[in-house]
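Results of the structural survey
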Amino acid sequence: MTWVPIAELRGPEGKPGDAAALGRFDRIENGIELGRSADANLLTENGDYYSRYGDVSASLINFPKGPAGTTASGHLKVRTTKNGVTTQTWQDIGQTFQVWARSTASVSAGTWSEWLPMVNRIDGIQDNTRSAFSRDIKVQRYEMRRGGVIGTGGLPAIALRYDHGLANFKAKILPLLRKYNLPSGQMINPAGLAEPGNVSSFAELQSWALNDGVEMAFHGRTHGEADNSITLRREILTGLEEMKAGLPKLEIEMWAPPGVGGSAFMGFDTGKTPESFYDTEAGQLIMANHAVGDGHSFGSYRNLDGKVYFGGGRPTIDGQTPSWVASIIRGAMNEGMGLELMLHPVYLDQPGYITTSQLDEVLANIATLRDQGKLTVLTPSSLYLADAKTDVRHNLLRNSCFRDGLTGWAATGAFDVVTERGITFARTTSGTSLVQNAGFGRQKQFVGGPRELVCKVRTNGTAVVRTRAVASGAGLYATSDHTITAAQGWIEVRQPLVIPTNIDEESLITTSGRVSGSRVDITDIRLQAI
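Residues numbered from 1 in each chain as written. Predicted model: local features only at pLDDT ≥ 70, side-chain atom pairs only at ≥ 80, totals over all residues. Heavy atoms only, no water.

1. A look at helix α6 (residues 229-246)
Keep this limit in mind: Secondary structure elements are defined from DSSP: runs of H or I of at least 4 residues count as helices, runs of E of at least 2 residues count as strands, and each element is numbered from the N terminus. By definition here, a helix of n residues has an expected span of 1.5 Å times n minus one. One fitted axis covers the seven residues ending at a residue, a second covers the seven starting there, and the bend at that residue is the angle between these axes. Partly exposed describes any residue whose relative accessible area lies between the buried limit of under 20% and the exposed limit of over 50%, with all areas from a 1.4 Å probe on protein chains only and scaled to the type maximum. Any pair of nitrogen or oxygen atoms within 3.5 Å is treated as a polar contact; in protein, a donor-acceptor pairing is required on top of that, and neighbouring residues in sequence qualify only through side-chain atoms on both sides.
If you check α6, its first and last C-alpha atoms are 25 Å apart, about what 18 residues at 1.5 Å a residue would give, namely 26 Å. Of all the bends in α6, the greatest measures close to 30° and is centred on Glu235. Taken residue by residue, α6 has Ser229, Ile230, Thr231, Leu232, Arg233, Glu235, Ile236, Leu237, Gly239, Leu240, Met243 and Gly246 as its buried positions. The opening residue of α6, the one whose side-chain oxygen lies 3.1 Å from the backbone nitrogen of Ile230, is Asn228.

2. Remarks on the environment of Leu339
The residue Leu339 is located in strand β15 (residues 338-343) in this model. Expressed as a C-alpha distance, the spacing of Leu339 and Ile329, which sit 10 residues apart in the sequence, is 7.5 Å.

3. Observations concerning the environment of His482
For clarity, the cut-off: Two residues qualify as a contact provided that any one of their heavy atoms is within 4.5 Å of a heavy atom in the partner residue.
Mapping His482 onto the fold places it in strand β23 (residues 476-485). When the C-alpha positions of His482 and Lys179 are compared, they lie 9.7 Å apart, and in sequence the two are 303 residues distant. Excluding its chain neighbours within four sequence positions, the residues that come into contact with His482 are Asn181, Ala463, Val464, Val465, Thr467, Val493 and Arg494. Side chain to side chain, His482 and Thr467 meet in a polar contact 2.9 Å long. There is a polar contact of 3.5 Å between the side chain of His482 and the backbone oxygen of Ser480.

4. Describing unusual backbone geometry
If you check the backbone angles, Ala264 has positive phi at about 55° while not being a glycine. For Ala264, the location among the structural elements is in helix α7 (residues 264-267). Among the residues examined, Ala264 registers a relative accessible area of 7% and is labelled buried.

The values reported here are purely geometric and, on their own, carry no functional implication.
Below you can see the structure in the form of structure tokens.
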């Protein structure tokens, strides 16, 4: 190694080094070594900079501080983008091995952002191989939670998506979803839960997911613009970590792009093209950290081929009429396609927008078509796994149709097994329910997945039937009561839910049976993926 004067130092682009920035005793070794008094605020030339010794780096200026209050040995990368934004990334190699980052849009004015620790996630840019593996594993786990593809038996599939607006969602929409036992998805900005019209808590969101089948998807940290790498990582990576920390009993699998102006996430622009996902920094970050994600790279209808992908489009029904929504649903039915309907709850009942009563009409129509066996309803993330070529759909319960009598079921003393016209069912006039435990000690791959407890029932008069799934230690108490009449014949009743990730080896106890009224027949009890 040859020592050289500061004035002769040159960076990777052949530009002279800056003595004030680099400090004293500098040299070239695979980049530029920092001296004792180097100032990070003045390091704006593209290049790599190093501090090799703790006694030297202890006095570095405007660098991140470790737990000891000093800057450890480390590497500094400086990059300036085409739009003039300069970013710095500091890798600590002496104390915590932490990575910090910051940026500035106006170096001449000295307006650097604060140093922020980068979350421990694959960033999808610096290591594309690891990013690809990260995505592969996330997709595998996503598929395993549902037991593979979700067969629709040739039927179209509908998903309901709601973008924040949590006050209206809670007061006006959630009661309708419970009325019709419909699963859905909420697109969440974790940093926005205290905003007007959006006030909620992570505990409340988690309860909606577990007990009502309202899947929680990530929608960006603040729903704000990100026009540089540091802000982008804060919106995508930091926000995702905050959401996971706030919702520990859930798996956050799906990305929903927020509509923002400006650079639109540095050219990602809500995923309008395939290139948006693989040619932009935002797209690569999103794909590395989610199993599936919406976008606008093709039309409203979705393929139902069981293949997992990014970029599914969706029509927005904010300003539409029930007849318009019915027509687009008919289109999906005619084509045998999938369809995600999106609504901003904040606009509900505003002039020129859909009203609560009109939304009730829309949801009633979807529930009726579902109950008539003309379509199936899934969560937004599961819509990507729907496959019309098969009717196979994973079920966590055993002996669902009583072909082996009451084997596998508990609390069966008040039930008789009867077979009529090729259908085997359990019959009761008591208030006792059929009980089965779905244990997860040896099948943890299913925890975190959206499901519905569904069964076929009939009565010879009028009766109330209850479907219930409970894991008390994990916070799951999903329950619905259904009034049925003899005129309906065999019908399906259901309760959507999400299996908590903290269920561990505890059993999820399912109960299905008569509460009151006339005699009840029950069969085909499933805890199936939705």
